[in-house]
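In case you want the letters, here they are:
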Amino acid sequence: MTSTDGLSLHTFRGLRYAPHRVSSLTAVTSPPYDVVVRPDGVRHLETADPYNIVRLILPHAIDPATRHRKAADTLARWRAEGVLTPDPRPALYVYEQRKEDVLQRGIIGALALDGPVLPHEGVIPEVVEDRAALMRAAAANFEPLLLSYRGEGTASGATAVIERATQRPPLLATTTEDGFAHRLWAVTDPAELAAVHTDLSARQALIADGHHRWATYQRLAEEHGSVPGSPWSSGLVLLVDTARYPLRVRAIHRVLPHLPLERAVAELNGSFRVREVPGALPEALEALAEAEGSAFLLASGPDAFRLLDRPDPELLERAVRKDRPEAWRRLDATVLHSVLLDEVWRIPDHPEGIRYIHDTEAALGQAAKHGGTAVLMRAVDEETVRQLAAQGVTMPRKSTSFGPKPATGLVLRMLDDDA
């Protein structure tokens, strides 16, 4: 791989909260926009501090156009008031997340969109359009995507730059409500920037989290003519060397708000074996983890779990497309969408019919609230994801949840000329 074949990460002039203008950095940060799915979660963040970043990534208004304009106006006002202030010069940013035995370090920068970045999931056009309209109106990247690459696992190249940065005093340090401690450093030394560039120019990246935002970056770049060097030809990302800092991979669960549990079970009609799982959630999840082959947990709340496994082989053969690798055909998410959602329950993949929720207890709560069914999933290991992506094979949407995800609000990137 030559230097032109790899990743090209550019510096940018980060826009950050002025600590003296907010109650605390913790109070103004947020999880990524697609994790803040519950209205009460948005309200909680909004009330934490009047300047919480959620007012920019998920603004309230009666229609989309008004929402996006509201976010842009809010951003402009916060900049004018000095709530958000630009750093003195362009930089790459070393970012660290730590909680108990979890330590993740990476580099935040503006990644050129024409480099080798592998997606592993499809996207919903409506979501891409919404994110594009927001970024277009605000001329900003509000939150970094999470991308992984495979280095040598040693303290050399970009990793050496990261390790040296963490020995210096950070630009900021805060601990968010989930217990993660966050620290950020600016890298501006030309020799260190050159070391990062040389290392990454021989790498390719996997999109761990942020497929819709990556597709949004690409759409906006096309709208602006994909001009090399234009701010719109790159997008804000966090790059993590998973050979040195392995990501955690968790499942993303489904909630079917309009499908009651009893009807969901009745409509299986022998397509899967169904067993009641005694005990509480931990016991049910253990039974799911131990199941062989494709398996799912169904529930309408925090109790009365049903374990689905042993799908009908003839149904699998008929419903799952054959022009994909066997590893893809065996994925739980493949079987769920191809067999259960498409063939058995006939539920279209639309926000009204399927909700994607990362937190297990939140999924159960949503199922109970709406009288629907939660489908609890198992995680897929990173290597399976990477191998399929390298073959150009996308997994069913929302098959994985990589983490820890970067907190939103620690550093923003402006795209307008005067940033």
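Preceding this paragraph is the structure being described.
As a starting point, this report considers the structure included with it. What you are looking at is a predicted structure, and each value in this text was computed from that prediction instead of being measured.

### As for the pairing of strand β17 (residues 305-309)
Okay, so step 1: Counting buried positions over the 5 residues of β17 gives 5, a clear majority of the element.
Okay, so step 2: Neither face of β17 is exposed, since Phe 305, Leu 307 and Asp 309 on one face and Arg 306 and Leu 308 on the opposite face are all buried.
Okay, so step 3: In this sheet, β17 lies alongside strand β15 (residues 273-277) in antiparallel orientation, the contact comprising 5 bridges. Residue pairing for β17: Val 274 is matched across the bridge by Leu 308.

### A look at the environment of Pro 169
Okay, so step 1: You can see Pro 169 is positioned in the loop between α6 (157-165) and β9 (172-175).
Okay, so step 2: It is 7.7 Å that separates the C-alpha atoms of Pro 169 and Trp 185, two residues lying 16 residues apart in sequence.

### Re the environment of Leu 261
Okay, so step 1: With respect to the element layout, Leu 261 can be found in helix α9 (residues 261-266).
Okay, so step 2: Here Leu 261 falls in the buried class, since its relative accessible area comes to 5%.
Okay, so step 3: Separated by 40 residues in sequence, Leu 261 and Gly 301 have C-alpha atoms that sit 9.6 Å apart.
Okay, so step 4: Every residue in contact with Leu 261, bar those within four places of it in the chain, is listed here: Leu 298, Ala 299, Ser 300, Ala 304, Arg 306, Gly 372 and Thr 373.

### Some thoughts on the sheet that holds strand β14 (residues 253-256)
Okay, so step 1: Taken in spatial order, the 6 strands line up as β15-β17-β16-β19-β14-β18 in an open sheet, and their pairing is antiparallel. Looking at the sheet topology across the chains shown, the edges are occupied by β15 and β18 (355-357). Across the sheet, the mean angle separating the axes of adjacent strands is 25 degrees when strand polarity is ignored.
Okay, so step 2: By the bridge criterion, 3 bridges tie strand β16 (residues 296-299) to β17 in an arrangement that is antiparallel. The partner of Leu 297 across the bridge, within β17, is Leu 307.
Okay, so step 3: Running over the sheet, helix α14 (residues 360-370) touches β14, β16, β17, β18 and β19 (373-376) and is turned about 160 degrees from β19.

### Topic: helix α15 (residues 382-390)
Okay, so step 1: Those residues of α15 lying buried are Glu 382, Thr 384, Val 385, Arg 386, Leu 388 and Ala 389.
Okay, so step 2: Packed against the buried residues of α15 are β6 (117-118), β8 (145-149), β11 (205-209), β13 (248-250), α12 (326-329) and β20 (401-403).
Okay, so step 3: Put simply, Asp 381 is the residue that caps the front of α15, since its side-chain oxygen is 3.2 Å from the backbone nitrogen of Glu 383.
Okay, so step 4: Where α15 terminates, the next one or two residues include Gly 392, which has phi positive at roughly 80 degrees.

### Here's the deal with the nonpolar core
Looking at soluble globular proteins, one finds that nonpolar side chains tend to be buried together.
Okay, so step 1: Ranked by internal contacts, the top residues of the largest apolar core, which has 115 residues, are Tyr 17, Leu 239 and Trp 345.
Okay, so step 2: Of all the elements, helix α13 (residues 332-344) adds the most residues to this core, at 7 residues.
Okay, so step 3: Residues in contact with Trp 345, not counting those within four places in the same chain, are Leu 256, Leu 259, Ala 264, Glu 267, Leu 268, Leu 298, Leu 340 and Val 375.
Okay, so step 4: Counting 18 residues, the second-largest nonpolar core is a separate cluster that includes Val 255, Ala 367, Ala 374 and Leu 376.

### Details of the side chain of Arg 378
Okay, so step 1: Within the secondary structure, Arg 378 sits in the loop between β19 and α15.
Okay, so step 2: Residue Arg 378 is classed as buried on the basis of its relative accessible area, which comes to 18%.
Okay, so step 3: At a separation of 2.5 Å, a polar atom in the side chain of Arg 378 contacts the main-chain carbonyl oxygen of Gly 293.
Okay, so step 4: A polar atom in the side chain of Arg 378 sits 2.9 Å from the side chain of Asp 332.
Okay, so step 5: In this structure Arg 378 touches Ala 251, Leu 288, Ala 289, Ala 291, Gly 293, Ser 294, Ala 295 and Asp 332, once residues within four positions along its chain are discounted.

The rules behind these values
Residues numbered from 1 in each chain as written. Predicted model: local features only at pLDDT ≥ 70, side-chain atom pairs only at ≥ 80, totals over all residues. Heavy atoms only, no water. Buried < 20%, exposed > 50% of the residue type's maximum accessible area, 1.4 Å probe, protein only. Helix = DSSP H or I, 4+ residues; strand = E, 2+ residues; numbered from the N terminus. Pairing = 2+ DSSP bridges. Contact = heavy atoms within 4.5 Å. Axes fitted to C-alpha atoms, helices over the stretch in contact; angles between N-to-C directions. Polar contact = N/O pair within 3.5 Å; in protein donor to acceptor, adjacent residues only side chain to side chain. Core = buried A, V, L, I, M, F, W, Y, C linked by side-chain atoms within 4.5 Å.

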